[in-house]
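If you want the building blocks of each chain, they are given just below.
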Amino acid sequence: MLCSHSSFTLHQLLLKLLFSFLLHYYSPSPILVFGSTITTTMHPLEQETLFKIMETLSSDQDWRSSYPNPCRPGASSWPGIVCKFTANDIRYSHVTRLDFGTPPNPSCKNSATFPPEIFELPHLESIFIFQCFTRTPTRITFPPQNRALPTPSPLQQLSLRSNSALIGTIPPQLLSSLTSLQILTLSQNRLSGKIPTATIPAGSSLVHLDLSYNVLTGPIPSEIGSLRKLVGLDLSYNRLTGKIPSSIGELAVLQKLDLSSNSLAGAIPDAVFNRLESLVFLALSNNRLNINGAGFGGRKKKIGLRNLQYFLMDGNLMFAPLPVEFGQLKKLQELRLSNSGYWGKIPPEYSQLVNLSSLSLQNNRLSGEIPAGFAGLSRIYHMNLSRNLLDGVVPFNSSFLRRLGRNLDLSGNAGLCLTPSAAADDGGGGVGVGVCGKTKTGSPLKLSEAPLLGWCCCSNYNLLFTLILMLFWFF
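Not measured: the values here are computed from a predicted model. (Residues numbered from 1 in each chain as written. Predicted model: local features only at pLDDT ≥ 70, side-chain atom pairs only at ≥ 80, totals over all residues. Heavy atoms only, no water.)

K.L.:
How would you summarise the packing of aromatic side chains if you had to cite specific residues and measurements?
P.N.:
Counted by the stated rule, this structure contains nine aromatic pairs. Between Phe-311 and Phe-326, the aromatic rings sit 5.1 Å apart at their centres with planes inclined by 75 degrees, giving edge-to-face as the arrangement. Here Phe-311 is found in strand β19 (residues 310-312), whereas its partner Phe-326 is found in the loop between β19 and β20 (334-336), with 15 residues between them in sequence. For the pair formed by Phe-311 and Phe-326, the shared burial category is buried. Site record: aromatic cluster; members linked through ring pairs are Phe-114, Phe-119, Phe-133 and Phe-142. We note Lys-256 situated over the ring of Phe-281; from NZ or CZ to the ring centre the distance is 5.7 Å. (Phe/Tyr/Trp six-rings, centres within 6.5 Å; stacked < 30°, edge-to-face > 60°. Helix = DSSP H or I, 4+ residues; strand = E, 2+ residues; numbered from the N terminus. Buried < 20%, exposed > 50% of the residue type's maximum accessible area, 1.4 Å probe, protein only. Lys NZ or Arg CZ within 6 Å of the ring centre and 35° of its normal.)

K.L.:
Can you lay out the confidence of the model for the chain for me, pointing to particular residues and giving the numbers?
P.N.:
Interpretation of this model should avoid reading the predicted coordinates in detail wherever pLDDT is low. Mean pLDDT over the chain stands at 82; residues scoring 70 or higher make up 78%. Predicted confidence for residues 13-38 stays below pLDDT 50, and this span has 40 contacts to residues more than four positions away or in other chains. Predicted confidence is poor over residues 439-475, with pLDDT under 50, and the contacts of this stretch with residues over four places away or in other chains come to 50 contacts. (pLDDT = per-residue confidence, 0-100. Contact = heavy atoms within 4.5 Å.)

K.L.:
Can you break down unusual backbone geometry residue by residue, with the values?
P.N.:
Negative phi is the rule for most residues except glycine; trans is the rule for most peptide bonds. The amide bond that connects Pro-103 to the next residue, Pro-104, takes the cis arrangement and shows omega of 5 degrees. Note that Pro-104 resides in the loop between β4 (89-100) and β5 (126-130). Phi at Arg-387 takes a positive value of approximately 55 degrees, unusual for a residue other than glycine. Mapped onto the secondary structure, Arg-387 falls in the loop between β24 (382-384) and β25 (389-393). With a relative accessible area of 34%, Arg-387 lands in the partly exposed category.

K.L.:
So what's going on with the pattern of salt bridges? Which residues, and what values?
P.N.:
Scanning the model with the defined rule gives nine salt bridges in all. With its nearest N and O atoms 2.8 Å apart, the salt bridge here joins Asp-99 to Arg-97. On the basis of relative accessibility, which here comes to 32%, the residue Arg-97 falls in the partly exposed class. Here Lys-256 and Asp-234 are joined by a salt bridge, their closest N and O atoms 3.6 Å apart. Of the two residues, Lys-256 is situated in strand β15 (residues 256-258) and Asp-234 in strand β13 (residues 232-234); the sequence distance between them amounts to 22 residues. Linked through salt bridges whose partners overlap, the residues forming this network are Glu-48, Glu-55 and Arg-64. (Salt bridge = Lys/Arg side-chain N within 4 Å of Asp/Glu carboxyl O.)

So, in structure tokens, the structure goes:
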């Protein structure tokens, strides 16, 4: 008898879920299921909260009169909204996703400001606000403390992107209160101040954190290493200072790390090169970083970036030989080390990067010959070795030159020349060097004739500033 009763109860539950699904997608009217009425209406408090959010953001329509029942399917359905039933309550339909700013979703009015009520919707899982706050300055705010938030917070994805009038600091509650948050995107706004640190909870669910293209200042907090589930971290294009914390090496599953275009300084931690074995994309460009503490040079060492495919580290103050160890990165597809003061020969080990499609070493002080093995890089389509001190015969045949065409730049190396057979091919006309025996190849440029760092030459810094900066780093 007990078995029969359990079986009947299970059948009831399955049928309720089936009818809920059918109702949600096909029926605009109430349905009676085993004595319980299921409707597509919302709970009155949740519906009122939703109307307040819409009235704060959009003036496309009179939403209360045009869409009195926002979750009802059919003609009265609300654009930019997703509603679902929950397993615990099939009496009401609940808002689980909101989209604003891009058609066909509701557009934002000029006076739109951030609605703190979004954190009060009890079942909201995702919200996307794109190009919404563009006229009236506004800040990310939470409801007053006397208004309780859903516990635990259901919000899993929060994306506020390309809002030029979104200003102020990042509230600590975004990390401390939104405990279910997995994706936080606050990119291309005008957020300022420091990255909040003290409230980063242990065991955070955060998988992706994007704070790029803001005006954030201060150091990268060491507490960021506690985000052990983090797969993507993008802090690029801010005004961050200080050193890269070695705690980043604790992010064992991290696949993307972008810290480019900040004012970070000092040695890149050894942990970045040896402990981030899942890393696929690494961008450290346009900072004031060096590799003095990474143990490169002298005796070869193994590095742990075995899965790295994109390595962007141009525009720094290295003043060191190119690390031989980078030749171990067998999966590398793009390598950018330009504008960084590297000197010495190009390691022949770089010829082992068989998957390389783009190589940028321009505006350094590299000398010697181009490694002959570069001619065997069958997947390369872009190579820039210009403005260095390279000399000797270019090791590329006509077929190689034709394949790369204008994507090969060897200009600014007075000691380089092409063989007559290679130069005779039309593909060799744009690489920026002459024919051996027919041009003044001479000896390499004198030290005083060598190019200064490209980031200085291509900006408004004058020669005096460049010399002072070089003296500062050397002495």
